[in-house]
Amino acid sequence: MNSDPVGELPSRGRRTAIVGASSLLVACIGANARAQFNAVQPEPRWYKAAVEMKHLAQSWGDQPYGAVLVLDGKVIGQGPSRVVKNSDVTAHAEREAIRDALRKLGRQRLAGAVLYSTSRPCSLGEAAAAEAGVSRMYYGPLLADAGVPGQGAR
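Residues numbered from 1 in each chain as written. Predicted model: local features only at pLDDT ≥ 70, side-chain atom pairs only at ≥ 80, totals over all residues. Heavy atoms only, no water.

Participant: A description of the pairing of strand S2 (residues 74-80) should follow, citing residues and the corresponding values.
Facilitator: Pairing geometry for strand S1 (residues 66-71) and S2, over 6 bridges, is antiparallel. Each bridged residue has a counterpart across the sheet, and for Ala67 the counterpart in S2 is Gly79. Following S1, the chain reverses through 2 residues before pairing antiparallel with S2; Asp72 in that reversal takes a positive phi of roughly 55°. (Pairing = 2+ DSSP bridges. Helix = DSSP H or I, 4+ residues; strand = E, 2+ residues; numbered from the N terminus.)

Participant: Break down the packing of aromatic side chains for me, with residues and values.
Facilitator: Two numbers describe a pair of aromatic rings. These are the distance of the centres and the angle of the planes. Applying the stated criterion to the full structure yields 1 aromatic pair. Above the plane of the ring of Trp60 lies Lys85, whose end atom (NZ or CZ) is 3.8 Å from the centre. (Phe/Tyr/Trp six-rings, centres within 6.5 Å; stacked < 30°, edge-to-face > 60°. Lys NZ or Arg CZ within 6 Å of the ring centre and 35° of its normal.)

Participant: Describe helix H4 (residues 123-132), with residues and values.
Facilitator: Of all the positions in H4, only Gly125, Glu126, Ala128, Ala129 and Ala132 are classed as buried. Buried residues of H4, seen end-on, are gathered within an arc of 160° and therefore sit on one face of the element. On its buried side, H4 packs onto helix H3 (93-105), strand S3 (114-117) and strand S4 (136-139). (Buried < 20%, exposed > 50% of the residue type's maximum accessible area, 1.4 Å probe, protein only. Arc of directions from axis to C-beta. Contact = heavy atoms within 4.5 Å.)

Participant: Give a detailed account of the pattern of salt bridges, specifying residues and quantitative values.
Facilitator: Within the structure shown, the criterion is met by 7 salt bridges. Of the charged contacts in the structure, one is a salt bridge between Glu43 and Arg45, with a shortest N-O distance of 2.7 Å. The exposure class of Arg45 is partly exposed, given its relative accessible area of 45%. It is possible to trace a salt-bridge network through shared partners that takes in Arg82, Glu96 and Arg99. (Salt bridge = Lys/Arg side-chain N within 4 Å of Asp/Glu carboxyl O.)

Participant: Can you lay out the nonpolar core for me, pointing to particular residues and giving the numbers?
Facilitator: Formed by 17 residues in total, the largest nonpolar core has its most connected members in Leu69, Ile76, Ile98, Leu110, Leu115 and Val134. Broken down by secondary-structure element, the contributors of at least two residues to this core are S1, H3 and H4. The leading source of residues in this core is H3, at 4 residues. Here Leu115 is in contact with Ala67, Val68, Leu69, Glu94, Ala97, Pro121, Ala129, Val134, Arg136, Met137 and Tyr138, once residues within four sequence places are set aside. (Core = buried A, V, L, I, M, F, W, Y, C linked by side-chain atoms within 4.5 Å.)

Participant: Provide a residue-level description of the environment of Pro121, including the pertinent values.
Facilitator: The topology assignment puts Pro121 in the loop between S3 and H4. When its relative accessible area of 1% is taken as the criterion, Pro121 is described as buried. Residues Pro121 and Glu94, spaced 27 residues apart in sequence, show a C-alpha to C-alpha distance of 7.0 Å.

Participant: Please provide a residue-by-residue account of the sheet that holds S4, values included.
Facilitator: Judged by pairing direction, the sheet is mixed, and its 5 strands sit side by side in the order S2-S1-S3-S4-S5 without closing on themselves. Edge positions in the sheet fall to S2 and strand S5 (144-147), since each of these pairs with one other strand and no more. Pairwise comparison of adjacent strand axes, ignoring direction, gives a mean angle of 20° for this sheet. Sheet topology places S3 next to S4; 4 bridges connect them, and they run parallel. (Axes fitted to C-alpha atoms, helices over the stretch in contact; angles between N-to-C directions.)

Written out as structure tokens, the structure reads:
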């Protein structure tokens, strides 16, 4: 007895199954390529704004990290690291930028917002960004694409 279900199909059925599977694979690859193509193109000026937040954090003796959240071409949240300043282990730059944006906008979600940070967000920062609905993250001077929060591999 043949345990291969495709092998049990008549020749024409096998071809139909293979063509169907191939079409599905091409559709999935195409959707992924479109999603990546439609990603917001990073802008160096927003990374520079994150660096300003980093310098602010350093000016008061905090960790050298900064982040900003951008929506529709405007900074909606700023986040210098406040871990040392506030004695708060959760006050990472990315989380501070998210908190600032939520407070300023008076809402719970930041759909469409893009997070720029001076370094790769840690898992806590990425989780906060995912929970807030941030659309994409970029980090570092080369504007590396960290992807959609919560979707990246660690």
